[in-house]
Amino acid sequence: KVSELSTFDIEYLFLNVRAKSVGETVEVNVTCPDDGETQVQMEINIDDIKVQKDPNHSNIVKIDDRLSMKLQYPSLEQFVENNFEVNETDSDVNKSLSMITSCIDMVYDEEESWSAADCTKKELEEFVEQMNTKQFKEIENFFVTMPKLSHTIKVKNPNTKIESDIVLEGLASFFT
């Protein structure tokens, strides 16, 4: 099911469908980092853009000495729900908690495991809400280091002649 694919898989598929239908290159405007002003138009071969995986990434988050949590990547459906559905009463904290709870696959210790599918949304929310700052940092690391569509380009500022590396991440970066 497409709605259950991770966001980075959807981005990669979309980019490659675009390559086959419109052309194998994409033009992007980038701002030179040395002066923060000069715009340079670059052409990128879509076949060179890949999903990058951080070697330190893990979908297992250690909650404490006893418990660990296995997380799954946010699906397109979860991403849309947490970023585009208008709900005036939802704070950023509530959206973050919702994203975390929707990504829990299982919680386990040495002896037993609990599947998130067997828990209510309220139970998962209560479990996440009782976590401390250190535990949230571990979960945040999962999201920060998860695979992402990424490509590094070299850009030379035509005014200063300084060459810099620019990292483009996420689908939107390739359509600016």
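Residues numbered from 1 in each chain as written. Predicted model: local features only at pLDDT ≥ 70, side-chain atom pairs only at ≥ 80, totals over all residues. Heavy atoms only, no water.

(A) The arrangement of the pattern of salt bridges in detail. The final tally for this structure, using the stated rule, is five salt bridges. As a salt-bridge pair, K154 and D165 come within 2.9 Å of each other at their nearest N and O atoms. You can see K154 sitting in strand β8 (residues 148–156) and its partner D165 sitting in strand β9 (residues 163–169), a full eleven residues away along the chain. A relative accessible area of 48% places D165 in the partly exposed class. (Salt bridge = Lys/Arg side-chain N within 4 Å of Asp/Glu carboxyl O. Helix = DSSP H or I, 4+ residues; strand = E, 2+ residues; numbered from the N terminus. Buried < 20%, exposed > 50% of the residue type's maximum accessible area, 1.4 Å probe, protein only.)

(B) How the structure looks around the nonpolar core. Within the largest apolar cluster, 20 residues are counted, with the highest numbers of intra-cluster contacts made by V30, I44 and L168. Secondary-structure elements contributing two or more residues to this core are α1 (7–21), β1 (25–31), β2 (39–45), β8 and β9. For L168, the contacting residues outside a window of four places in its chain are V28, V30, I44, L149, S150, H151, I153, S173 and F174. Counting residues in each nonpolar core, the second largest holds 16 residues, with I100, V107, V128 and M131 among its members. (Core = buried A, V, L, I, M, F, W, Y, C linked by side-chain atoms within 4.5 Å. Contact = heavy atoms within 4.5 Å.)

(C) Representation of the sheet that holds strand β7 (residues 113–115). Ordered in space as β4-β5-β6-β7, the four strands form an open sheet in which the pairing is antiparallel. Every other strand in the sheet has two partners, leaving β4 (60–62) and β7 as the edge strands with one partner each. Between one strand axis and the next, the sheet turns by 20° as a mean value, whatever way the strands run. On the sheet, helix α5 (residues 133–145) packs against β4 and β5 (68–71) and is oriented at approximately 160° with respect to β4. (Pairing = 2+ DSSP bridges. Axes fitted to C-alpha atoms, helices over the stretch in contact; angles between N-to-C directions.)

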